[in-house]
Amino acid sequence: MQYGTAAAEQACWYMQAAAVSSPAAEETAAERVERLASESAVVVFSVSTCCMCHAVKRLFCGMGVHPAVHELDLDPRGRELERALACLLAGVDGAAAAAAAPVVPVVFIGGRLVGAMDRVMAAHINGSLVPLLKEAGALWL
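To start, this report covers the structure provided alongside it. Please read all numbers here as calculations on a predicted model, not as lab measurements.

Calculation rules
Residues numbered from 1 in each chain as written. Predicted model: local features only at pLDDT ≥ 70, side-chain atom pairs only at ≥ 80, totals over all residues. Heavy atoms only, no water. Phe/Tyr/Trp six-rings, centres within 6.5 Å; stacked < 30°, edge-to-face > 60°. Helix = DSSP H or I, 4+ residues; strand = E, 2+ residues; numbered from the N terminus. Buried < 20%, exposed > 50% of the residue type's maximum accessible area, 1.4 Å probe, protein only. Core = buried A, V, L, I, M, F, W, Y, C linked by side-chain atoms within 4.5 Å. Pairing = 2+ DSSP bridges. Axes fitted to C-alpha atoms, helices over the stretch in contact; angles between N-to-C directions. Contact = heavy atoms within 4.5 Å. Salt bridge = Lys/Arg side-chain N within 4 Å of Asp/Glu carboxyl O. Lys, Arg positive; Asp, Glu negative; His and termini not counted. Polar contact = N/O pair within 3.5 Å; in protein donor to acceptor, adjacent residues only side chain to side chain.

1. Observations concerning the packing of aromatic side chains
The way to describe two aromatic rings as a pair is by their centre distance and the angle between their planes.
Line of reasoning, step 1. Throughout the structure, instances matching the rule amount to 1 aromatic pair.
Line of reasoning, step 2. Both rings, one in Phe45 and one in Phe108, keep their centres 5.8 Å apart while their planes meet at 75°; by these two values the pair is edge-to-face. Highlighted residues: Phe45 in strand E1 (residues 42-46) and Phe108 in strand E3 (residues 106-109), separated in sequence by 63 residues.
Line of reasoning, step 3. Note on Phe45: relative accessible area 0%, which makes it buried.
Line of reasoning, step 4. Judged by relative accessible area, which is 4%, Phe108 ranks as buried.

2. Comments concerning the nonpolar core
Nonpolar side chains in soluble globular proteins tend to end up buried together.
Line of reasoning, step 1. Core analysis: the biggest nonpolar cluster contains 18 residues, and Val33, Phe45, Leu72, Leu85, Val104 and Phe108 have the highest contact counts within it.
Line of reasoning, step 2. Looking at this core, the elements that each hand over two or more residues are helix H2 (29-38), E1, helix H4 (78-90) and E3.
Line of reasoning, step 3. Counting residues in hydrophobic clusters, the runner-up holds 17 residues, among them Val42, Val44, Phe60 and Met63.

3. A closer look at the sheet that holds strand E4 (residues 112-115)
Line of reasoning, step 1. With mixed pairing, 4 strands are arranged side by side in an open sheet as E2-E1-E3-E4. Where the open sheet ends on each side, the last strands, each with one partner, are strand E2 (68-71) and E4. Mean inter-strand twist for the sheet, computed between neighbouring axes without regard to direction, equals 25°.
Line of reasoning, step 2. In the sheet, E1 pairs with E2 via 4 bridges, with the strands oriented parallel. The residue bridging Ser46 from the neighbouring strand is Glu71, located in E2.
Line of reasoning, step 3. Packed on one face of the sheet, helix H6 (residues 117-126) meets E3 and E4 and runs near 90° to E4.
Line of reasoning, step 4. Against the sheet, helix H7 (residues 129-136) contacts E1, E3 and E4, and its axis sits at roughly 55° relative to E3.

4. Focus on the pattern of salt bridges
Line of reasoning, step 1. Within the structure shown, the criterion is met by 6 salt bridges.
Line of reasoning, step 2. Where Lys57 meets Glu71, a salt bridge forms, and the shortest distance between an N and an O atom there is 2.8 Å. Residue Lys57 is located in helix H3 (residues 51-62), and its partner Glu71 is located in strand E2; the two are separated by 14 residues in the primary sequence.
Line of reasoning, step 3. The exposure class assigned to Lys57 is buried, which follows from its relative accessible area of 17%.
Line of reasoning, step 4. As a salt-bridge pair, Glu135 and Arg112 come within 3.5 Å of each other at their nearest N and O atoms. With Glu135 in helix H7 and Arg112 in strand E4, this residue pair connects regions lying 23 residues apart in the sequence.
Line of reasoning, step 5. Residue Glu135 is classed as exposed on the basis of its relative accessible area, which comes to 58%.
Line of reasoning, step 6. Salt bridges linked by common partners bring Glu27, Arg35 and Glu39 together as one network.

5. Examining the side chain of Asp73
Line of reasoning, step 1. Tracing the backbone shows Asp73 in the loop between E2 and H4.
Line of reasoning, step 2. It is Lys57 that comes nearest to the buried, bridge-free Asp73 among opposite-charge side chains, at 7.7 Å.
Line of reasoning, step 3. Polar contacts involving the side chain of Asp73 include one to the side chain of Ser48, which spans 2.4 Å.

Structure follows, in structure tokens:
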């Protein structure tokens, strides 16, 4: 996955200030993923130029769910986060997971890993996505 330096520099100015003043600056990438995933009912780790990421965000917005979106290409530690997400998805050590295909989008609902686009779409098609969203408090219908 490519990370544009212009996009990273554009977002860097506020992220660096937050990282310096935050005790979370010393957390590992896996700890950060876990923390971010638990802060909102629906969390999407994404890349701003990824069409599959766009599709999953549109799916949620179309359902009336507004996920917390973390754009890895705009995050100074985006590559580290991507490796941590790959390990979570693959269930293996970082070396094998890092060599795998791009992992985004990665979706968490209610702090639990749902998975990549294929798992989200399968849950949507088989009808299990709406109950997950209701259970997490992201959908009230």
